[in-house]
Amino acid sequence: MTNEIQTALITGGNGNLGRLVGAQLLQRGVKVVKFDIPGTEPAQLHDNETVVIGDMRDQAALQDLLKQHKPDAIYHLASLLSGSSAADHRAAWDINATGSFNLLQLAAENNVNRFFFASTNASYGGEVADPLPETFEQWPENIYGATKVAVERLGVFYKQTHGLDFRILRFPLVISPFAPTTAVTAFPSHAFGAAIRGESFTFPASAECGMSTIFLDDVISSIVDYTHAPKSNLSQHAYNLHAYHLTTQMVIDEILKRYPDFNYDFKINNTVQTLIDNWPNVLIDQSARDDWGWQPKYDFAQSAEKMFDMIS
Ligand SMILES: NC(=O)c1ccc[n+]([C@@H]2O[C@H](COP(=O)([O-])OP(=O)(O)OC[C@H]3O[C@@H](n4cnc5c(N)ncnc54)[C@H](O)[C@@H]3O)[C@@H](O)[C@H]2O)c1
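The structure reproduced in this document is the subject of the present report. (Residues numbered from 1 in each chain as written. Predicted model: local features only at pLDDT ≥ 70, side-chain atom pairs only at ≥ 80, totals over all residues. Heavy atoms only, no water.)

## Side note on helix α6 (residues 187-196)
The test is simple: Each residue is assigned to one of three classes by its accessible area relative to the maximum for its type, calculated with a 1.4 Å probe on protein chains only: buried under 20%, partly exposed between the two thresholds, exposed over 50%. For the purposes of this entry, the term helix denotes a DSSP run of H or I that reaches at least four residues, the term strand denotes a run of E that reaches at least two, and both are numbered from the N terminus.
Here α6 lies mainly inside the structure; 10 of its 10 residues are buried. All of the buried residues along α6 are F187, P188, S189, H190, A191, F192, G193, A194, A195 and I196. Just downstream of α6 lies G198, where phi reads positive at about 75 degrees.

Listed below in structure tokens is the structure:
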């Protein structure tokens, strides 16, 4: 069977990762259909790209989407993120879990071949081993993580019962110029923005605390590479990714190299501090390296360089 994808449906296609995954797929000659909520429409469309506006909670809309566009691959990125999920548990379950169930069921009924799902290291619980072994049990302590584990298990069920080529990546913290301001744990990304704008920045977590981290460009290329890897190479349902261990102090040091007058202080937010203290510093990602050649291109200094270029 060929690894090439003809038509890809990207749910959450107008989001931060969806836009960039879409752009890479278009470059590979893939026809891209993006599904996202009202208010997210892009200003311009590529010739080979379609945007459909709808909601993951609307089963009939999902059905029409698959019937009309007949994707052979789905990149399922639509989700409430951790903060919005914590603020509305019902919406988180309806969108992230039930919406995903409906999409998986429809994918199985409509001959979709490949189904990619974006999961997270928030799917692990508070007390985790560090470095985190690939086989570590997932017992998340927040609703966002619980919905992600539910979909991981559902997808594997559809893989085993319907032959769906279901593939999962679990990402650590992402350094990105597009990190939403509401994402409190994304403060390393926000600090770069503040420094470039000449603003002072208050760090919500201590200088020495840190976590496993990855740069945005490595997230995007990992998704595209992984979803094009031959099925026969993949020994795992899900792969953890890790690029580097990042501490608050490393962020400060890198910013000060470029902006020596960067003004900062600390006001510890216990929720953020506890979350990060509980996240692993290192995730073992050997299977991804062995099976489909995962290799981060960005260390932290290179990520910082690219952040400065992209934001300024
Ligand atoms: N960026 C990260 O740090 C990170 C880390 C781990 C996992 N992920 C996962 O990657 C995926 C993409 O994340 P992102 O950073 O691009 O976030 P994002 O918020 O930019 O993208 C999510 C998209 O989903 C859409 N969406 C939300 N509710 C919807 C609904 N009811 N119906 C249809 N679309 C809906 C949003 O409008 C948005 O465009 C998510 O599943 C997220 O959980 C992201």
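## Some remarks on the site of the ligand
The condition that has to hold: A cutoff of 4 Å decides nearness: a residue is near a molecule or strand if any of its heavy atoms lies inside that distance of it. Polar contact is defined as a pair of N or O atoms within 3.5 Å, subject to the rule that within protein one atom must be able to donate a hydrogen and the other to accept it, and that residues adjacent in sequence are counted only when both atoms are side-chain atoms. Values of accessible area rely on a 1.4 Å probe in the Shrake-Rupley scheme; residue burial ignores everything except the protein chains shown.
Every one of the 23 residues lining the ligand counts as a neighbour, but L17, D36, M56, Y144 and K148 are closest to it. In this structure, an oxygen atom belonging to the ligand sits 2.9 Å away from a main-chain N or O atom of N16. Between L17 and the ligand, the recorded distance is 2.8 Å, taken from a backbone N or O atom to an oxygen atom. In the complex, the protein chains occlude 87% of the 820 Å² of accessible area that the ligand would expose alone. If you list the elements that add at least two residues to the shell around the ligand, you get α1 (16-27), β5 (114-120) and α5 (143-162).

## Focus on the packing of aromatic side chains
Applicable threshold: Under the pairing criterion, centres of Phe, Tyr and Trp rings, with the six-membered ring standing for Trp, must be within 6.5 Å; the plane angle then separates stacked pairs below 30 degrees from edge-to-face pairs above 60, leaving the rest tilted. Either the NZ atom of lysine or the CZ atom of arginine qualifies as a charge over a ring when it sits within 6 Å of the ring centre and within 35 degrees of the ring normal.
Taken as a whole and judged by the stated rule, the model has 22 aromatic pairs. Summarising the aromatic geometry, the rings of F201 and F203 are spaced 4.9 Å apart at their centres and angled 75 degrees between planes, so their arrangement reads as edge-to-face. F203 shares its class with F201; the two are buried. Each residue in the set Y75, F116, Y226, Y239, W292 and W294 is aromatic and connected to the rest through ring pairs, giving one cluster. The ring of F178 has R19 lying over it, and the distance from NZ or CZ to the ring centre is 5.0 Å.

## Digging into α5
Here is the rule we go by: Take the residue count of a helix, subtract one, and multiply by 1.5 Å to get its expected span. Here, residues are in contact when the closest pair of their heavy atoms is within 4.5 Å.
Given a rise of 1.5 Å per residue, 20 residues ought to cover 28 Å, and the 28 Å separating the end C-alpha atoms of α5 matches this to within 8%. Among all positions of α5, only Y144, G145, T147, K148, V149, V151, E152, G155, V156 and Y158 are buried. Where α5 is buried, its residues meet α3 (82-87), α4 (89-109), β5, β6 (165-171) and β10 (238-240). One or two steps after α5, the chain reaches G163, where phi turns positive at roughly 75 degrees.

## What about the nonpolar core?
The following threshold applies: By convention a nonpolar core is built from buried Ala, Val, Leu, Ile, Met, Phe, Trp, Tyr and Cys residues, the set being connected through side-chain atoms within 4.5 Å. For each domain, the first and last residues come from an automatic or database assignment.
Core analysis: the biggest nonpolar cluster contains 57 residues, and Y75, F116, L169 and W292 have the highest contact counts within it. Ranked by the residues each element gives to this core, the list is headed by α6, at six residues. Taken domain by domain, this core gets at least three of its residues from each of domain 1 (7-171 + 216-240) and domain 2 (174-213 + 243-283 + 297-311). What F116 contacts, discounting residues up to four positions off in sequence, is I74, Y75, H76, L77, R167, I168, L169, F171, I223, Y226 and T227. Listed in part, the 27 residues of the second largest apolar core include A78, I95, L106 and V151.

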